[in-house]
Amino acid sequence: MKLSIEISKYPLTENYIEPIKGFIELLNQKPGLHVITNTLSTQVFGDYDQVMAALSEGIRWSFERYGKVVFVVKFLHGDLRP
């Protein structure tokens, strides 16, 4: 099954660029995922299990490394890349 997500990350720190870039780099390293970034969010497309595993790893990594972070995620069934 294919999955599309749109995710926004809001680090609760003044230096917010580094945590966002690190999260996006982690997603881009995952084989089988298609990642599109823009100024408001990041979109990830791929197999359900791969997307969810990458998301779980990235969120855990963010919490462990940067502490307080807010994530807003939309989940859509299917591969809806533009």
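Draft legend 1. Highlighting the overall build of the protein. The helix and strand tally for the protein stands at 2 helices and 4 strands. Of the regular secondary structure in the protein, the N- to C-terminal order runs β-α-β-β-α-β. For 82 residues, the compact-globule formula gives about 12 Å, and the C-alpha radius of gyration of the protein, at 12 Å, lands near that figure. When its C-alpha atoms are laid out on the principal axes, the protein stretches across 35 × 20 × 20 Å. Looking at the protein as a whole, 34% of its 82 residues qualify as buried. Of the roughly 5300 Å² of accessible surface on the protein, 54% is carried by carbon and sulfur atoms.

Draft legend 2. Geometry of the sheet that holds strand β1 (residues 2-11). Spatially, β2-β3-β1-β4 is the arrangement adopted by the 4 strands of the open sheet, whose pairing is antiparallel. Each edge of the sheet is formed by a strand with only one pairing partner; in this case those strands are β2 (34-37) and β4 (69-77). Adjacent strand axes in the sheet meet at a mean angle of 20 degrees, parallel and antiparallel pairs treated alike. Bridge count between β1 and strand β3 (residues 42-47): 6 bridges; the pairing is antiparallel. Each bridged residue has a counterpart across the sheet, and for Ile7 the counterpart in β3 is Thr42. Seen against the sheet, helix α1 (residues 17-28) touches β1, β2, β3 and β4 and runs at an angle of roughly 160 degrees to β1. Contacts from helix α2 (residues 48-66) reach β1, β3 and β4, with the element oriented near 10 degrees to β1.

Draft legend 3. Spotlight on the pattern of salt bridges. As enumerated under the stated definition, the model contains 4 salt bridges in all. With a closest N to O distance of 3.1 Å, Arg60 and Glu64 form a salt bridge. Linking Arg60 with Glu64, this pair stays in helix α2, spanning 4 residues, or about one helical turn. Of the two residues examined, Arg60 and Glu64, each falls in the exposed class.

Conventions adopted
- Residues numbered from 1 in each chain as written.
- Predicted model: local features only at pLDDT ≥ 70, side-chain atom pairs only at ≥ 80, totals over all residues.
- Heavy atoms only, no water.
- Helix = DSSP H or I, 4+ residues; strand = E, 2+ residues; numbered from the N terminus.
- Rg over C-alpha atoms; globule rule 2.2 N^0.38 Å.
- Buried < 20%, exposed > 50% of the residue type's maximum accessible area, 1.4 Å probe, protein only.
- Areas by Shrake-Rupley, 256 points an atom, 1.4 Å probe, with all protein chains shown as cover.
- Pairing = 2+ DSSP bridges.
- Axes fitted to C-alpha atoms, helices over the stretch in contact; angles between N-to-C directions.
- Contact = heavy atoms within 4.5 Å.
- Salt bridge = Lys/Arg side-chain N within 4 Å of Asp/Glu carboxyl O.

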